[in-house]
Amino acid sequence: MAVTMYAFLEAILLLVNAIAVLNEERFLAKIGWGRDQINQPQGFGQEEKGVKQQIANLIHAVRTVMRVPLIFLNGLAIVMELLMG
């Protein structure tokens, strides 16, 4: 099976779907990645954000911004799979 651009885009879509369905209270808070656990006051903004905080912010941004576009992208992917086999 050849790796095509469509397969690559479909893999990215699946990863974004996986991030979008993570529940903050049920999963992320249990492992210490909830928004209230990560976002501690940083003083005057002099300290850099850690990797954990940056990833938590990325997860929150994906869940916020990509909610509606994912509906259409998933529908398009399903139609493509049905048509192309």
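What counts, and at which threshold
Residues numbered from 1 in each chain as written. Predicted model: local features only at pLDDT ≥ 70, side-chain atom pairs only at ≥ 80, totals over all residues. Heavy atoms only, no water. Helix = DSSP H or I, 4+ residues; strand = E, 2+ residues; numbered from the N terminus. Buried < 20%, exposed > 50% of the residue type's maximum accessible area, 1.4 Å probe, protein only. Contact = heavy atoms within 4.5 Å. Areas by Shrake-Rupley, 256 points an atom, 1.4 Å probe, with all protein chains shown as cover. Axes fitted to C-alpha atoms, helices over the stretch in contact; angles between N-to-C directions. Parallel < 35°, antiparallel > 145°, perpendicular 65-115°, else oblique. Nonpolar A, V, L, I, M, F, W, Y, C, P; charged D, E, K, R; others polar. pLDDT = per-residue confidence, 0-100. Polar contact = N/O pair within 3.5 Å; in protein donor to acceptor, adjacent residues only side chain to side chain. Patch = residues over 30% accessible without salt bridge, like charges linked within 9 Å, V, L, I, M, F, W, Y side chains within 5 Å. Salt bridge = Lys/Arg side-chain N within 4 Å of Asp/Glu carboxyl O.

1. Section: the overall build of the chain
Here is step 1: A count of helical and extended segments in the chain gives five helices and zero strands.
Here is step 2: When the helices and strands of the chain are read in sequence order from the N terminus, they spell out α-α-α-α-α.
Here is step 3: Split into buried and exposed, the 85 residues of the chain put 15% on the buried side.
Here is step 4: Of the contacts made within the chain by residues no fewer than 6 positions apart, 54% connect residues no fewer than 24 positions apart.
Here is step 5: When the accessible area of the chain is evaluated, it comes to approximately 6800 Å², of which 69% is carbon and sulfur surface.

2. Some details on the packing of helix α1 (residues 5-20) against helix α4 (residues 51-65)
Here is step 1: Orientation of α1 relative to α4, taken along the N-to-C sense of each, is 100°, at an axis distance of 9 Å. Put simply, α1 runs roughly perpendicular to α4. Contacts between α1 and α4 involve V16, I19 and A20 from the first element and I59, V62 and R63 from the second.
Here is step 2: Looking at the contact of α1 with α4 residue by residue, the class counts come to five nonpolar, no polar and one charged.

3. Observations concerning the side chain of R63
Here is step 1: Along the chain, the position of R63 falls in helix α4.
Here is step 2: Ignoring any residue separated from it by four or fewer positions in sequence, one finds R63 in contact with I19, A20, L22 and E24.

4. What to know about the confidence of the model for the chain
Here is step 1: Of the residues in the chain, 81% have a pLDDT of 70 or more, and the chain-wide mean is 81.
Here is step 2: Mean pLDDT across the elements of the chain ranges from a minimum in helix α3 (residues 35-38), with 62, to a maximum in helix α5 (residues 67-84), with 93.

5. So, the environment of T4
Here is step 1: Relative to the assigned elements, T4 resides in the segment before α1.
Here is step 2: Classification of T4 as partly exposed rests on a relative accessible area of 40%.
Here is step 3: Within the local environment of T4, its side chain forms a polar contact with the backbone nitrogen of A7, the two atoms lying 3.2 Å apart.

6. As for the environment of Q53
Here is step 1: Examined against the element boundaries, Q53 turns out to sit in helix α4.
Here is step 2: C-alpha separation for the pair Q53 and G34, spaced 19 residues apart in sequence, amounts to 9.5 Å.

7. A closer look at a nonpolar patch on the surface
Here is step 1: Together, M5, F8, L9 and I12 make up an exposed nonpolar region whose accessible area comes to about 410 Å².
Here is step 2: Relative to the assigned elements, L9 resides in helix α1.
Here is step 3: Looking at L9, the relative accessible area reads 48%, which means it is partly exposed.

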